[in-house]
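# Geometric and topological summary
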Amino acid sequence: MQPLHQSQLPQNSAEAENNQSELDAPPKQVAQAMDRLNQAARVIADIRLGADRILEALFVASHPRHTDMPLQLFLREDTSMRQHLQDLSLIGKKLEESGVLTESLRSRSNSWGLHMPLVCPDGAVVAYAWKRQLAGQAGASAVDRTRLALKAFTDQKRRFFPHIDDGLKMEPRSKKPRASHSLLQHDREEPVGYETLPDMLSRLEKLVPNVKVSTYGRLNWLKRASSLHVSGGEDSTEASKPIFQSSSKLRSGLQAEVVDKVAVIELSVPSVFRAVVSLNPAGSLDPDAVAFFSPDEGGSYLHARGLSVYHVYKHITEHAATALQYFLGFGTGSGTPLYSLLLWICSFESLFSKPCSKCGRLLAMDKKSALILPPLHRAYQELPLAVNMDVCEAYHAGCSPDES
Amino acid sequence: MPVKWVLYWQPNQGSTVSSQILNEATQCVESINGVKEGRWKATLIYYKPMLRDQANQAEFPRDFLGISLADQPSKYYFIIRSQRIVLESDSSIQLIMEKLQSYKSKVALYFEGFQYQLGDFRLRVGKVVPTHSENVRGIVMEGMELFAFGADSYSHLVVILDAIYDVEYLPISSMEKSRKVMEEFLEIWHEALFKRSLPGKFVNTELNFGEFGLGDSYTPQHTAVRYALVMAHMIATVQAVRG
């Protein structure tokens, strides 16, 4: 609570001292500035205490018992308070001159990379020197971490999506599909630059008449999924009207405004499967997830990111995720990723009838999961756009040429 | 409801049904990664009418069967196979029949066993079990009548059925679509059994469900009809053996 020595000195010497401090090396300047800030903090604390005492004196004075004491107290506190305030203003001036309260020092070139501590408007003191050092360390480890993360990601990509490697060419599986593929080039319709969803779906249903195609907004799909139950899951209830029903005649005009909200496409082959594709964003032609379910399944878990309770559909869903990545990354040359995906999904119409092209059987024991499963894999690399989807080859997971 | 095939063991020519089959079959299931899951049971009761005038007995069908199934505990099924009738009713009908004294149980068969899960397949194996306190080993034929019999006094009779098996494929309920899958599954099971040199094979109960008014989508009524067919087949087999 001692008044500072510096306040006793005449102004001249204070100025001289300031000039001297300008010639000091930056570290000393920083040290001095930190010092002065500490002093200022102490003086402020003193002022606070002094204020308390003055209030106390006033309080005591309001009680007429003590005659002289309150006045003495008051006078004493008054003096000491004025002193404190004077000290503070001196320190403040010094800090200002050394650039702590402003940013004047920053523009000086000769600062050795160190910055004066800065008192922010809200009172926080930023000791730049230390912060820089810490920040520097953090920066270095961030670079390292990023490098490691990138490496890990590249490894994963190579492992799970081997076909997306740049510069790696894919060998054609056999001559035949290639030939049939090129033959069909003549018959195949020109890929439309930009087609609407209803057009795409009507093109699809001409190709695969056994598949029922419906579209829904997200909320409507949720209603429908919950209303599906084990017995009689095929009937759509009144609560969930699909926006686009394959046999619906209300396509033009009315649908134009509603197409914007289509977020879910349902493909179902009665008694074989039900596939759910989600579009993101709603109204676009970009699929982002697909899942397969039993035609008898129902419940709110029936959505493009859900999983069936049955192993066969669970496995197909996993396989479909890989196929989706392929379509999004590569496409099949003609048609948008969505169209390719939908067409590929339709090839599962033969899930329980088409034997594996490699071993010739329908069921086989899957080594990985120790389960007996039908051929779940359908070739997606060279998707035939033939009228007859049966051309699409089926494989057991263990028999698939993709297996690596 | 998942499609179900009901199978019975058909021994090769010249060999008889052996209770060893049950153990072997069970072991085979476990060898193809089947996991024992729980118990199941079924009850089959042949009824005969309680008539004041016994002469009219012939007018009434002899194969009036009542079946209770484990997965439908609140229901009871009636089948008259010869007339292609199948009916589902509430399980309280048994109480009503008792009170009315209209029909009486002629032969009561209880099947009990385990169920196994193999991925999306479910297998059930049910052995004939003792009724009351008798040590029942199976169902026999004597004359034109069916009896459940105990080990001791009826050993000279032909055991026609000691266990019933059924296989379900859970994901789908269309019989048409699941046909190939079930056939191949049976092949796989037979392959596993073949290694143990068992003389015979499992046979599925095939029939024209349309005659019973049943469609392609599987229901418990299909099961009931299949069980009735197994029984009928067993009886026919024994009659053929006896000449």
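Residues numbered from 1 in each chain as written. Chains lettered and ligands numbered in written order. Predicted model: local features only at pLDDT ≥ 70, side-chain atom pairs only at ≥ 80, totals over all residues. Heavy atoms only, no water.

If you check an unreviewed UniProt entry, chain B appears there as Mediator of RNA polymerase II transcription subunit 20 from Thlaspi arvense. For the record of chain B, the UniProt heading Subcellular location (unreviewed entry) holds the text "Nucleus". Quoted verbatim from the Subunit (unreviewed entry) field of UniProt, the annotation for chain B is "Component of the Mediator complex." (UniProt positions renumbered as here; feature names shortened; annotations may be inferred.)

Chain A appears in an unreviewed UniProt entry as Mediator of RNA polymerase II transcription subunit 27 from Thlaspi arvense. A UniProt comment under Sequence similarities (unreviewed entry) is attached to chain A, and it reads "Belongs to the Mediator complex subunit 27 family." Looking at chain A in UniProt, the text filed under Subcellular location (unreviewed entry) is "Nucleus".

Let us look at the overall build of chain B. The helix and strand inventory of chain B stands at 4 helices and 12 strands. Residue pairs at least 24 apart in sequence account for 66% of intrachain contacts in chain B once pairs closer than 6 positions are excluded. (Helix = DSSP H or I, 4+ residues; strand = E, 2+ residues; numbered from the N terminus. Contact = heavy atoms within 4.5 Å.)

This brings us to the overall build of chain A. Scanning chain A from N- to C-terminus turns up 10 helices and 11 strands. Taken across its 404 residues, chain A has 39% of its residues classed as buried. Contacts spanning at least 24 positions in sequence make up 60% of the contacts within chain A whose residues lie at least 6 apart. When the accessible area of chain A is evaluated, it comes to approximately 23,100 Å², of which 57% is carbon and sulfur surface. (Buried < 20%, exposed > 50% of the residue type's maximum accessible area, 1.4 Å probe, protein only. Areas by Shrake-Rupley, 256 points an atom, 1.4 Å probe, with all protein chains shown as cover.)

Turning our attention to the side chain of Arg-378 of chain A. Residue and element names in this part refer to chain A. Relative to the elements of secondary structure, Arg-378 occurs in strand β10 (residues 377-378). Residue classification places Arg-378 among the buried residues on the basis of a relative accessible area of 1%. Engagement of the side chain of Arg-378 in a polar contact is seen with the backbone oxygen of Ser-347, the distance being 3.2 Å. Every residue in contact with Arg-378, bar those within four places of it in the chain, is listed here: His-319, Trp-344, Ser-347, Phe-348, Ser-350, Leu-351, Cys-392, Glu-393 and Ala-394. (Polar contact = N/O pair within 3.5 Å; in protein donor to acceptor, adjacent residues only side chain to side chain.)

Take the packing of aromatic side chains next. Residues and elements named next belong to chain A. Counted under the stated rule, the structure contains 18 aromatic pairs over all chains. On the basis of an interplanar angle of 50 degrees and a centroid distance of 5.3 Å, the ring pair of Phe-273 and Phe-292 is categorised as tilted. With Phe-273 in strand β6 (residues 273-279) and Phe-292 in strand β7 (residues 287-293), the pair connects residues that are 19 residues apart, well separated along the chain. Phe-273 gets classed as buried once you look at its relative accessible area, which sits at 1%. Residue classification places Phe-292 among the buried positions, given a relative accessible area of 0%. Ring-pair connections join several aromatic residues into one group, and the members of that group are Phe-273, Phe-292, Tyr-326, Phe-327, Trp-344 and Phe-348. One Lys or Arg, Arg-378, reaches over the ring of Phe-348 and ends 4.9 Å from the middle of that ring. (Phe/Tyr/Trp six-rings, centres within 6.5 Å; stacked < 30°, edge-to-face > 60°. Lys NZ or Arg CZ within 6 Å of the ring centre and 35° of its normal.)

Across the contact, 23 residues belong to chain A and 21 residues belong to chain B. Surface buried jointly by chain A and chain B totals about 1,800 Å² across both partners, of which 59% is contributed by carbon and sulfur atoms. Put simply, Glu-184 of chain B and Arg-361 of chain A hold a salt bridge, and the shortest N to O gap is 4.0 Å. Mapped by element, the contributors of at least two residues to the side of chain A that touches chain B are α9 (311-329) and β9 (371-373) of chain A. Class assignment for the residues of the side of chain A that touches chain B results in 17 nonpolar, 4 polar and 2 charged. (Buried area = accessible area lost by both parts, 1.4 Å probe. Salt bridge = Lys/Arg side-chain N within 4 Å of Asp/Glu carboxyl O. Nonpolar A, V, L, I, M, F, W, Y, C, P; charged D, E, K, R; others polar.)

Moving on to the environment of Leu-362 of chain A. As for its placement among the helices and strands, Leu-362 of chain A is situated in the loop between α10 (337-346) and β8 (364-366). Linking Leu-362 of chain A and His-396 of chain A, residues 34 residues apart in sequence, is a C-alpha distance of 8.5 Å. Apart from residues no more than four positions distant in its own chain, Leu-362 of chain A is found in contact with Leu-351, Phe-352, Ser-353, Lys-354, Pro-355, Leu-373, Pro-374, Pro-375 and His-396 of chain A together with Lys-180, Val-181 and Glu-184 of chain B.

Once that is clear, we can look at the pattern of salt bridges. Under the defined criterion, the tally for this structure stands at 15 salt bridges over all chains. Taken together, the shared-partner salt bridges connect Lys-4, Asp-71, Arg-122, Arg-124, Asp-166 and Glu-168 of chain B into one network.

Moving on, we get to the confidence of the model for chain A. The predicted coordinates ought not to be read in detail in places where the model reports low pLDDT. Residues and elements named next belong to chain A. When the pLDDT values of chain A are averaged, the result is 72; 62% of them are 70 or greater. Mean pLDDT across the secondary structure elements of chain A bottoms out at helix α5 (residues 175-187), with 38, and peaks at β6, with 93. Note on residues 1-21: pLDDT under 50 across the span, and 23 contacts to partners over four residues away in sequence or across chains. Between residues 167-193, whose pLDDT stays under 50, and residues either more than four places distant or in other chains, the model counts 19 contacts. (pLDDT = per-residue confidence, 0-100.)

All names here are of chain A. Where nonpolar side chains cluster on the molecular surface, the patch consists of Leu-55, Leu-58 and Phe-74 and spans about 270 Å² of accessible area. Structurally, Leu-58 is set in helix α2 (residues 26-61). Leu-58 gets classed as partly exposed once you look at its relative accessible area, which sits at 44%. (Patch = residues over 30% accessible without salt bridge, like charges linked within 9 Å, V, L, I, M, F, W, Y side chains within 5 Å.)

A few words on the pairing of strand β3 (residues 64-69) of chain B. Residues and elements named next belong to chain B. Counted residue by residue, β3 has 6 buried out of 6 residues, so it is predominantly covered. The two faces of β3 match: Phe-64, Gly-66 and Ser-68 on one face and Leu-65, Ile-67 and Leu-69 on the other face are all buried. Of the pairings in the sheet, the one linking strand β2 (residues 35-49) to β3 comprises 5 bridges and is antiparallel in character. Looking at the pairing, Thr-43 lines up with Ser-68 of β3. (Pairing = 2+ DSSP bridges.)

What follows covers the state of the cysteines. All names here are of chain A. A full pass over the atoms with the stated rule returns 0 disulfides over all chains. Cys-356 provides the cysteine sulfur closest to Cys-399, a residue in no disulfide bond, and the two sulfurs are 3.8 Å apart. By relative accessible area, which is 15% here, Cys-399 ends up buried. (Disulfide = S-S within 2.5 Å.)

If you look at the biggest cluster of nonpolar residues, it comprises 109 residues, and the most contacted ones within it are Phe-292, Tyr-313 and Ile-345 of chain A together with Phe-121, Tyr-165 and Trp-189 of chain B. Looking at which element gives the most residues to this core, the answer is helix α3 (residues 175-194) of chain B, with 9 residues. Look past the residues within four positions of Tyr-313 of chain A in its chain and what remains in contact with it is Val-272, Phe-273, Phe-292, Phe-293, Ser-294, Pro-295, Ser-308, Leu-351 and Phe-352 of chain A together with Pro-171 and Ile-172 of chain B. One finds Tyr-216, Ala-225, Ala-263 and Phe-293 of chain A within the second-largest nonpolar core, a separate group that totals 12 residues. (Core = buried A, V, L, I, M, F, W, Y, C linked by side-chain atoms within 4.5 Å.)

Take the pairing of strand β3 (residues 212-216) of chain A next. Residues and elements named next belong to chain A. Across the 5 residues of β3, 4 count as buried, placing the element largely inside the fold. Where β3 lies against strand β5 (residues 264-269), 5 bridges are found, and the strand directions are antiparallel. The partner of Val-213 across the bridge, within β5, is Leu-267.

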